[in-house]
Amino acid sequence: MKISELLNSDQVTISCEMFPPKKEVMLPNYKETAATMARLKPAYLSCTYGATGGTSDYTVEIAATIKECGIPAVAHLTCASSTKEKVQSVIRELQEKGIENILALRGDIPENADFPLPNQYHHASELIAEIKEAGDFCIGGACYPEGHPEAETIQEDLIHLREKVEAGCDYLTTQMFFDNDILYNFLWKAGRVGVHVPIVAGIMPITNKSQIKRVGALSGNMVPPKFLRIVERFGDDPKAMRQAGVAFATEQIIDLVANGVNHVHIYSMNKPDVLEEILNNLSDIYIRE
């Protein structure tokens, strides 16, 4: 099933994400994680693509495992660290495995690397256009409610976002955020510049204190005082912090759905137990069939 079919309906969808292993010896365990998450019946399950560290070698295989479990699968595909030939070979492999959904990303530019080289993509919009030409895929893209860290202004970032949609992007998934008002403001601005595809809200449950530092370092996202107080109070008690983090993510999702944002993607970080707790909290809001 194409993700666009789910997102163009009025039903609430909650999807989730996992990452693949770095080494082949770990692959069976990661396939079991995929199967465990699939049994929780998210609307769809995506698998990330790390162009460095070897993880890209197993994205397609994990996505195929998800599909075999009867859950719509999304394979991430990044292009900044790959040649066009490598990207095209992955697209062909996805076609062979019957994977219909690709989340197309530029990805991080490698340190100490000349970018772009003649046989590399410059932007995600170029990758999206090529995937569109390659076959009948449903193509997702990324968006940044607080602005892409490399964009000089929000307006510049929104213009680039519109370019992704014009290139063939069928839907967008946001980077994680912790203040829903930031998303609501972003949705209004995106509509004003002509971005009218479905936008999925990305939520990351923070279940341990160390995650806050990593999130801030990687994304530069604003963490609201409300959540900082939670970390200050419960951060040194792992069980309490986990419970508080799940509750905060649950509250975010309830507020999103109450305000008409029906599609949520949980950055579940290969933690089926955390995903299960959140879905159980939402058992009458997200109906798992």
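Bear in mind that the values here come from a model prediction, so they are computed numbers and not experimental data.

J.: Where do I start with the pattern of salt bridges in this structure?
T.: When charged atoms on two side chains of opposite charge get close, those side chains can pair. Taken as a whole, this structure holds 10 salt bridges when the rule is applied. Residue Arg242 is joined to Asp273 by a salt bridge in which the shortest nitrogen-to-oxygen separation is 3.0 Å. Linking Arg242 in helix H10 (residues 238-258) with Asp273 in helix H11 (residues 272-281), this pair joins segments that are 31 residues apart in sequence. Among the charged side chains, a salt-bridge network with shared partners connects Arg242, Asp273 and Glu277.

J.: Got a minute to help me understand helix H3 (residues 59-68) in this structure?
T.: For the α-helix, the turn length of 3.6 residues means that residues three or four positions removed from each other point alike. Where burial is concerned, most of H3 is hidden: seven out of the 10 residues are buried. Considered for burial, the residues of H3 that qualify are Thr59, Val60, Ile62, Ala63, Ala64, Thr65 and Ile66.

J.: Hey, could you run me through the nonpolar core in this one?
T.: Generally speaking, nonpolar side chains in soluble globular proteins are found buried as a group. If you look at the biggest cluster of nonpolar residues, it comprises 79 residues, and the most contacted ones within it are Tyr44, Leu77, Ile131, Tyr171, Leu172, Val195 and Ile253. The residues contacting Ile131, other than those within four sequence positions of it, are Leu77, Ile91, Ile102, Ala104, Phe137 and Ile139. Counting 13 residues, the second largest nonpolar core, distinct from the first, contains Met204, Val223, Ile230 and Met241.

J.: I tried to follow the side chain of Thr48 on my own but got confused; where do I start?
T.: Within the fold, Thr48 resides in the loop between strand S2 (45-47) and H3. According to the relative accessible area criterion, Thr48 is buried, its value standing at 18%. Setting aside its immediate chain neighbours within four residues, Thr48 contacts Glu17, Met18, Phe19, Pro20, Thr59 and His76.

J.: What am I meant to see in the sheet that holds strand S5 (residues 138-143) here?
T.: Within a sheet, each strand pairs with its neighbour through backbone hydrogen bonds, oriented either parallel or antiparallel. Here eight strands make up a closed barrel; going around it, the order is S1-S2-S3-S4-S5-S6-S7-S8 and the pairing parallel. For this sheet the average axis-to-axis angle between neighbouring strands, irrespective of direction, equals 30°. The pairing of strand S7 (residues 199-203) with strand S8 (residues 263-266) spans three bridges and is classified as parallel. What sits directly across from Gly202, in S8, is His265. Relative to strand S1 (residues 13-18), helix H2 (residues 27-39) is tilted by about 170°, and along the sheet it contacts S1 and S2.

What counts and what doesn't
Residues numbered from 1 in each chain as written. Predicted model: local features only at pLDDT ≥ 70, side-chain atom pairs only at ≥ 80, totals over all residues. Heavy atoms only, no water. Salt bridge = Lys/Arg side-chain N within 4 Å of Asp/Glu carboxyl O. Helix = DSSP H or I, 4+ residues; strand = E, 2+ residues; numbered from the N terminus. Buried < 20%, exposed > 50% of the residue type's maximum accessible area, 1.4 Å probe, protein only. Core = buried A, V, L, I, M, F, W, Y, C linked by side-chain atoms within 4.5 Å. Contact = heavy atoms within 4.5 Å. Pairing = 2+ DSSP bridges. Axes fitted to C-alpha atoms, helices over the stretch in contact; angles between N-to-C directions.

Honestly, it's all geometry; don't read function into it.
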